[in-house]
Amino acid sequence: MDKITEEVLIPFLFEDIKTSERPEIILANVPEFKELMMQYECAIMEVNTKLHVLNNEFSHMYQRNPIESIKTRIKTPASILEKLNRRNLPICIDSLENGLTDIAGIRVICPFPDDIYNVAELLTNQDDVMTVARKDYIKNPKKNGYRSLHLIIEIPIFLASGKKHMKVEVQLRTIAMDFWASLDHKLRYKQNLKNSEEIALELRECADIIAGVDLKMQNIRKKIQ
Ligand code: GTP
Ligand code: MG
């Protein structure tokens, strides 16, 4: 192994990070880490632009937007460390780039279920976009009722040093699915609730009702058009 590869693969400041009380602060200040996070920011900008272009063109042609809103986020150093730990991965650049696929995240909120599939197809058919993974939690909802279409895509960014391929997690869901997921997310952080099973069941029922309403609303839109 040449020296540079070895240096990058060796867990950076591994001991410092392991023994620190605030390891995320140490990680956040490692130059290689900061550079990588900057590259993920660039990847998010690229995908964001692609989505805005699709939305503009669609609204020009059909006088309506298939994308209601877009939210982007870079995983925090604390959350990155937590996930590396959970997956038993060493703290190094290689783990971040090849072990984690959700450092750059984009959530696309669409008005209707068919918009999700249209936007996903138009995005993944672009010749500089490669689909690494696809999980359809709309056709196959999670047991708790969670619905969304998840894509891991790889796109090139163009840096002064050359072209680099970056992974981005894209979550597509309807406004209604997002409404449900935000409440479910709150429940996850309150797992010690006494009646959590009952709440989970009620949430599951809501997810199913919401899925029905989504399809009904889509049918109404088709009748209006
Ligand atoms: P993570 O380790 O959480 O990233 O999950 P994973 O690698 O198994 O991937 P998956 O595609 O199942 O989930 C990725 C992301 O989707 C999560 O980080 C959440 O943002 C979202 N997600 C998945 N399942 C649920 C769920 O049941 N409820 C909510 N609110 N969000 C979910
Ligand atoms: Mg995640």
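Calculation notes
- Residues numbered from 1 in each chain as written.
- Chains lettered and ligands numbered in written order.
- Predicted model: local features only at pLDDT ≥ 70, side-chain atom pairs only at ≥ 80, totals over all residues.
- Heavy atoms only, no water.
- Helix = DSSP H or I, 4+ residues; strand = E, 2+ residues; numbered from the N terminus.
- Expected span 1.5 Å × (residues − 1).
- Buried < 20%, exposed > 50% of the residue type's maximum accessible area, 1.4 Å probe, protein only.
- Contact = heavy atoms within 4.5 Å.
- Salt bridge = Lys/Arg side-chain N within 4 Å of Asp/Glu carboxyl O.
- Pairing = 2+ DSSP bridges.
- Axes fitted to C-alpha atoms, helices over the stretch in contact; angles between N-to-C directions.

- The name that an unreviewed UniProt entry assigns to the protein is Putative GTP pyrophosphokinase, with the source organism given as Frisingicoccus caecimuris.

## With respect to helix α8 (residues 175–188)
Right, on to step 1. Under the 1.5 Å per step criterion, the end-to-end length of α8 is 20 Å for 14 residues, consistent within 8% with the ideal 20 Å.
Right, on to step 2. Every buried residue of α8 is accounted for by Ala176, Met177, Asp178, Trp180, Ala181, Asp184 and Leu187.
Right, on to step 3. Buried-residue contacts for α8 involve β1 (69–74), β2 (104–110), α7 (113–124), β5 (162–174) and α9 (196–224).

## Notes on the pattern of salt bridges
Right, on to step 1. In total, this model carries 15 salt bridges according to the counting rule given.
Right, on to step 2. Notably, a salt bridge pairs Lys167 with Glu154, separated by 3.8 Å at the nearest N-O pair. Taken together, the residues Lys167 in strand β5 and Glu154 in strand β4 (residues 149–159) connect sequence positions 13 residues apart. A single burial state applies to Lys167 and to Glu154, both of which are buried.

## Structural notes on the environment of Ile106
Right, on to step 1. Following the sequence through the fold, Ile106 ends up in strand β2.
Right, on to step 2. For Ile106, a relative accessible area of 1% gives the class buried.
Right, on to step 3. Considered as a pair, Ile106 and Ile74 are 32 residues apart in the sequence and their alpha carbons are 8.9 Å apart.
Right, on to step 4. For Ile106, the residues in contact, after removing those within four places along its chain, are Ile44, Val47, Asn48, Leu51, Ile70, Lys71, Thr72, Val168, Glu169, Val170 and Gln171.

## Some thoughts on the sheet that holds β5
Right, on to step 1. One open sheet holds the 5 strands; their spatial order is β1-β2-β5-β4-β3, and the pairing between them is mixed. In this open sheet, the two strands that pair with only one neighbour each are β1 and β3 (130–136). Averaged over all pairs of adjacent strands, the angle between their axes in this sheet comes to 25 degrees, without regard to strand direction.
Right, on to step 2. In this structure, β2 lies alongside β5, joined through 6 bridges in parallel fashion. Among the inter-strand pairings, Cys110 is bridged to a residue of β5, identified as Thr174.
Right, on to step 3. Across the sheet, α8 touches β1, β2 and β5, and the angle it forms with β5 is around 90 degrees.

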